[in-house]
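# Coordinate inspection notes
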Amino acid sequence: MDPGTLHGNKMEFSGGKRRKLRLADDQRNACYPHSLQFYLQPPSGNVSLTEFETLAIDRVKLLKTVENLGVSYMKGTEQYQSKLEAELRKLKFSYRESLEDEYEPRRKDHISHFILRLAYCQSEDLRRWFIQQEMDLLRFRFSILPKDKIQSFLKDSHLQFEAISDEEKALREQDIVASSPSLGGAPSGLESVYKIPFAEALDLFRGRKVYLENGFAYVPHKDIVAIVLNEFRTKLSKALALTARSLPAVQSDERLQPLLNHLSHSYTGQDYSTQGNAGKISLDQIDSLSTKCFPPCMRQLHKALRENHHLRHGGRMQYGLFLKGIGLTLEQALQFWKQEFIRGKMDPDKFDKGYSYNIRHSYGKEGKRTDYTPYSCMKIILTNTPGQGDYHGCPFRHSDPELLRQKLQAYKIPPAGISQILDLVKGTHYQVACQKFFEMTHNVDDCGFSLSHPNQFFFESQRILSGGKDIKKDSVQPETPQPKPSVQRSKDPSSTLDSLSSALDMDLEELEELLQ
């Protein structure tokens, strides 16, 4: 296996003995014949470390928008389609077959998908989320694929789905219509029909929604998308499992792994550091703000701190950095925590010796002088799961459903709203559930942003309650500065290249063996 080569500060994706996708100008159309693909081959060519980060972050933004739209609108509706198309256009990803000069958007789509495979193969939860968003993205692209391009796309995706002739369709029209509920019993809805091996249409067969003959299923165009998505899910699921086995090579690289971890936490917005906010709130405002402007995760921590006069380390870190982000200075933070712990009968000297250092450390005044930033939603959801006696974490992710229902009732959420939030939680849309909570507690139909950070919740709440500028109703996700993951660049970048290329090659070659 060829591990790849390095040119300057560029990473080269290469693939050993397998057929490479050359990037010469005269073969651009051959590289990416369609606006969508099954990502069966890793990319080849050179990519700078800077572009590597940018491509990955843009795709995370895209997939977060796909998730948000999927629970805010009915998939396939005009509103859903138009908003998703607008996001694809804004982020410069491929989406339409007929557009000219689509090489760069399709290349971006190709490379960014494989980068995120490395980031999202690391746990079952991450794999499940990634597969679902990629499936929804493929569903959208397939829905706008011109009918005369479908057969070539299926062939390029290694799907042996053959559109039958008009003569064959006429012979079986009555049987196909009678067996396919999606057609509503009307032959006029019968356009293309695909002859598919029976084993590829088991889901339709189980639901008695397809016509079978001599070991083949005859699937109308309206139903073919379900088969295509099922095939895509199966292939991507296998590919992610194989990529996970390749991770040790990637994790050994001290510059690439922090970036991949950052991506898997999938926060792409502001870091909400204290710049410009320090000293803007007073300690006597915190109790009032906690009930009006805090997200449930921080409201829960504040309540526990006031009742117990103590929080364990995980709670102190999550809540302390949040308070830092909304404007508490170091001096205020030391006073706030000391006053509360002393109420719990802690000796002041013990606090000074055992806790002051950690608070100063979180403000970058001790140790390595790292100025820590508040935790994003995904960091809270995916890391440091709370145990017995802990109050940190995300209530929508880590609370028992019945306990969450009781909390929402205590927060005066109406029964219909509680059911809506619990349905989102059941579907693992924890951030969207919190966003719905925000809309209900602030009496807005559409908050106009994609919630991804507790401090974002606070500042958006402050803006609404203070009569700030109107929120754009047609905005899916606000423009935010790109994050700066701690990816070191000072050492020889060839190890990054080698580990990444090796992981991608192994993924493809083992997948090909499985599919033969």
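These lines cover the structure that appears in this document, whether it is placed above or below. (Residues numbered from 1 in each chain as written. Predicted model: local features only at pLDDT ≥ 70, side-chain atom pairs only at ≥ 80, totals over all residues. Heavy atoms only, no water.)

Backbone geometry places asparagine 214, a non-glycine residue, at a positive phi of 50°. Assignment of secondary structure puts asparagine 214 in the loop between strand S6 (211–213) and strand S7 (216–220). Although it is not a glycine, histidine 309 adopts a positive phi angle of roughly 60°. In this fold, histidine 309 is placed in the loop between helix H13 (296–308) and helix H14 (313–326). (Helix = DSSP H or I, 4+ residues; strand = E, 2+ residues; numbered from the N terminus.)

Turning to the nonpolar core, a few remarks are in order. Counting residues in hydrophobic clusters, the biggest one holds 65 residues, and the most contacted among them are Leu116, Phe161, Ile224, Val228 and Leu263. With residues up to four places along the chain from it excluded, the contact list for phenylalanine 161 reads Gln151, Leu154, Tyr194, Lys195, Ile196, Glu200, Ile224, Ile227, Val228 and Glu231. Grouped together as the second largest cluster of nonpolar side chains are 56 residues, Ile380, Cys394, Leu404 and Val444 included. (Core = buried A, V, L, I, M, F, W, Y, C linked by side-chain atoms within 4.5 Å. Buried < 20%, exposed > 50% of the residue type's maximum accessible area, 1.4 Å probe, protein only. Contact = heavy atoms within 4.5 Å.)

On any regular strand, side chains alternate: one points to one face of the sheet, the next to the other face. Counted residue by residue, S7 has four buried out of five residues, so it is predominantly covered. Direction of pairing for strand S5 (residues 193–197) relative to S7: antiparallel, over a ladder of five bridges. Each bridged residue has a counterpart across the sheet, and for proline 197 the counterpart in S7 is phenylalanine 216. In this sheet, S7 lies alongside S6 in antiparallel orientation, the contact comprising three bridges. Paired with tyrosine 211 across the two strands is tyrosine 218, which belongs to S7. (Pairing = 2+ DSSP bridges.)

Consider a sheet: its strands pair through backbone hydrogen bonds, and that pairing is either parallel or antiparallel. Across the sheet, which stays open at both edges, the four strands sit in the order S4-S5-S7-S6 with antiparallel pairing between neighbours. Edge positions in the open sheet fall to strand S4 (162–163) and S6, since each of these has one partner strand only. Pairing of S4 with S5, which is carried by two bridges, proceeds in the antiparallel orientation. Bridge pairing in S5 places alanine 163 opposite tyrosine 194.

A few words now on the packing of aromatic side chains. Any aromatic ring pair is given by two values, namely how distant the centres are and how the planes are angled relative to each other. Tallied over the entire structure, the rule returns 27 aromatic pairs. On the numbers, 5.7 Å between centres and 20° between planes, the contact of tyrosine 120 with phenylalanine 130 is stacked. One end of the pair, tyrosine 120, is in helix H4 (residues 103–120); the other, phenylalanine 130, is in helix H5 (residues 124–143), with 10 residues separating them in the sequence. Note on accessibility: tyrosine 120 and phenylalanine 130 belong to one class, buried. Consider the rings of phenylalanine 341 and tyrosine 355, whose centres lie 5.1 Å apart with planes at 70°: the pair is edge-to-face. Here the residue phenylalanine 341 occupies a position in helix H15 (residues 330–343), and tyrosine 355 occupies one in the loop between helix H16 (348–354) and helix H17 (356–362), the gap between them amounting to 14 residues. Of the two residues examined, phenylalanine 341 and tyrosine 355, each falls in the buried class. An aromatic cluster of three or more residues is present, and its members are Phe294, Tyr319, Phe322, Phe336, Trp337, Phe341, Phe351, Tyr355, Phe458 and Phe459. The positively charged end of lysine 108 is found above the aromatic ring belonging to phenylalanine 93, 4.7 Å away from the centroid. Lying across the ring of phenylalanine 114, arginine 117 places its NZ or CZ 4.3 Å from the centre. (Phe/Tyr/Trp six-rings, centres within 6.5 Å; stacked < 30°, edge-to-face > 60°. Lys NZ or Arg CZ within 6 Å of the ring centre and 35° of its normal.)

With respect to the secondary-structure elements, leucine 204 resides in helix H8 (residues 202–206). Residues leucine 204 and aspartate 223 lie 19 residues apart in sequence; the distance between their C-alpha atoms is 8.4 Å. When near neighbours in sequence (up to four residues on either side) are disregarded, leucine 204 contacts Lys209, Val210, Val219, Asp223 and Ile227.

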